[in-house]
Amino acid sequence: MLSKLVDKLWGTLASLKTGIALISLIALANLGGSFIVQRDQAPEGQIEKVYSPETIRILEALGLFDLYHSWWFILLLTLTGISLIIASIDIWPRYWGRVVQPLSPLNEQQYGIFEKQAVLKSSTKTDGRKIQSIVEKAFAKIQTKESAGKWHFWAQKGRWCHLSVFVIHTGLLFVLVGGFLGARYGFEGQLRLSEGQSSNLFITERGRGVAQPLGFTIRLNDVRMEKYPDGSPKAYYSDLDILEKGQLVKSETIRVNHPMEYEGIYFYQAQYGTEPANERFAATVTATQRSSGTGKDLSLEQGKVSKLSFQGQPDVEVRLLQYVPQFQLPMGDETRNIGEAIQLAVGSGEKPKTFWIFKTLPSFDQKMRQGEYTFVFQSARQAFDVAEFSGLAVGYNPGISTVWFGSTILLTGLMWNILGSHRKLWGCWDGTTLQVAAKAHRGNDRFDKNFQKLIERLQQE
């Protein structure tokens with residue numbers, strides 16, 4: 001019972017129909033991947049705009065938003081590869097037999113069954129060696145045999161072309177293995193760097209926002225745009241460095257369609273733009289000395305120390321720590337938006353006094369905090385530099401070289417299968433009459449011309 005089941009399964013996987021069906025399913029899956037928006041290629045929120053929630057749930061369950069990494073697509077590649085291997089094993093004895101099967105001479109009756117045949121007569125006896133020379137020059141080296149006063153010869157060429165089907169199978173198998181490696185272990189992602197910035201992480205598109213390690217550090221030294229005479233963008237360039245353990249190991253300039261490769265990971269020029277950098281805040285506050293009631297305006301810049309001076313008192317250090325455009329103040333179970341706020345640090349030493357003051361509550365500091373000086377928030381200013389950034393597309397496909405290698409083998413096998421032909425030739429010479437017959441398993445039109453030329457040459461002799 002088990003052996004019958006195994007034989008049936010073997011026969012199913014080895015059949016041409018199964019192979020065609022599996023390859024057709026792969027082609028349909030690739031076609032579906034072209035029409036269904038893939039999550040790793042869709043901008044944030046696009047899928048939700050294109051499909052309804054019910055459709056999204058169905059497509060997610062079927063893995064159609066990440067088709068090339070889905071379990072069923074990988075299973076389909078695996079089954080196709082197994083089918084190719086089993087089919088090759090199954091047909092090997094038959095095809096190998098065609099290659100190694102020896103050719104034998106024909107008897108007189110067999111010559112009449114061939115479509116390609118000719119009978120040539122001579123009034124004078126001709127040496128068989130002359131015939132042999134003509135046949136071997138036009139066709140292939142012959143084997144000879146003398147029997148009952150007759151000289152038989154036969155030859156064949158192109159018998160190895162029967163194995164072209166195995167070359168095709170091998171090429172397809174390499175393509176499938178490459179596709180499996182890419183689907184299982186490949187990834188795509190994004191990386192955005194400002195000039196001078198380095199990173200050893202990228203954002204994987206499959207994880208949608210999940211940071212993954214590169215295994216090395218990439219640094220953007222410079223990004224620039226080349227323009228046409230009318231000012232429109234022509235090309236974008238990024239100067240990139242690769243660092244391993246702090247040491248520079250590779251430098252390259254990339255542009256669109258000219259990526260940089262390192263350890264099998266490709267970096268493509270995908271975006272170019274500008275963004276704020278070195279954001280800074282400044283604020284103006286009024287400081288009042290409680291004892292004298294004297295007030296003084298003070299300009300503060302984030303990251304810098306300002307001195308607050310009153311006559312007869314030592315200088316006091318004041319620093320602007322933070323600026324919040326919309327400060328949310330807890331009020332019991334709720335929060336209240338009280339607008340702009342700044343955080344100050346007053347005093348020197350390791351533990352200066354830090355506190356918040358609010359533009360909409362000018363008396364807040366005076367009422368809520370004790371101290372020699374009180375502060376009122378007057379105004380705030382924001383400043384920043386403009387930095388250029390480069391958006392890089394990150395791609396890794398460990399199977400791409402295998403796919404290219406398999407495609408080369410596949411193309412070679414197809415050409416060999418189309419152009420190759422196993423041709424056979426037989427002849428019998430009794431001194432005055434020459435019988436010739438020939439057969440080709442493929443490419444009869446081409447072989448007809450060659451056969452006619454051979455007959456004409458023999459007729460001339």
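Calculation notes
Sequence positions are assigned chain by chain, starting from 1 and proceeding in written order. Note on the predicted model: pLDDT of at least 70 is required for a residue's local features to be given, and 80 or more for side-chain atom pairs to be given and counted; whole-chain, interface and lining totals, by contrast, use all residues. Based on all heavy atoms of the structure, the side-chain values leave hydrogens and waters out of the count. Where helices are involved, their axes are fitted lines through C-alpha atoms of the stretch in contact, as for all axes, and angles between N-to-C directions lie from 0 to 180°. Going along the chain from the N terminus, every DSSP run of H or I of four or more residues is numbered as a helix, and every run of E of two or more is numbered as a strand. By definition in this entry, angles of less than 35 degrees are roughly parallel, angles greater than 145 are roughly antiparallel, angles of 65 to 115 are roughly perpendicular, and the rest are oblique. The sense of a crossing depends on the near helix, which, turned anticlockwise from the far helix by less than a right angle, makes the crossing left-handed and, turned clockwise, makes it right-handed. Only heavy atoms enter the contact rule, under which two residues are in contact if any of them lie within 4.5 Å. Side-chain classes follow a simple rule in which Ala, Val, Leu, Ile, Met, Phe, Trp, Tyr, Cys and Pro form the nonpolar group, Asp, Glu, Lys and Arg form the charged group, and the remainder, Gly included, forms the polar group. When DSSP finds at least two bridges between two strands, those strands are taken to pair.

Caption draft 1: Structural view of the packing of helix H6 (residues 128–138) against helix H10 (residues 444–460). Remark: H6 packs on H10, axes separated minimally by 10 Å, with the N-to-C direction vectors making an angle of 155°. Between H6 and H10, the interaxial angle falls into the category roughly antiparallel. Considering only the axes of H6 and H10, their crossing is right-handed. Counting all contacts with H6, which are made through Ile131, Ile134, Val135 and Ala138, the residues of H10 involved are Leu454, Arg457 and Leu458. Per-class residue counts for the contact of H6 with H10 are 6 nonpolar, no polar and 1 charged.

Caption draft 2: Looking closely at the packing of helix H2 (residues 16–35) against helix H5 (residues 71–100). Across the interface, H2 lies against H5 with an axial gap of 10 Å and an inter-helix angle of 150°. Taken together, the axes of H2 and H5 are roughly antiparallel relative to one another. When the axes of H2 and H5 are compared, the crossing they make is left-handed. Taking contact as the criterion, the partners of Thr18, Gly19, Leu22, Ile23, Leu25, Ile26, Ala29 and Asn30 in H2 are, on H5, Trp72, Phe73, Leu76, Leu77, Leu79, Thr80 and Ser83.

Caption draft 3: Highlighting the sheet that holds strand E19 (residues 423–429). Spatial ordering of the open sheet is given by E1-E20-E19-E3-E2, a layout of 5 strands whose pairing is antiparallel. The strands lining the two open edges of the sheet, one partner per strand, are strand E1 (116–121) and strand E2 (143–147). When strand polarity is set aside, the average angle formed by the axes of neighbouring strands in this sheet is 15°. With 7 bridges connecting them, strand E3 (residues 150–157) and E19 associate as antiparallel partners. Each residue of the ladder has a partner; that of Phe153, found in E19, is Gly427. Strands in contact with H6 are E2, E3, E19 and strand E20 (433–440); relative to E3, the strand with the most contacts, it is inclined by about 10°.

In short, the description is geometric, and any link to function would need to be established separately.
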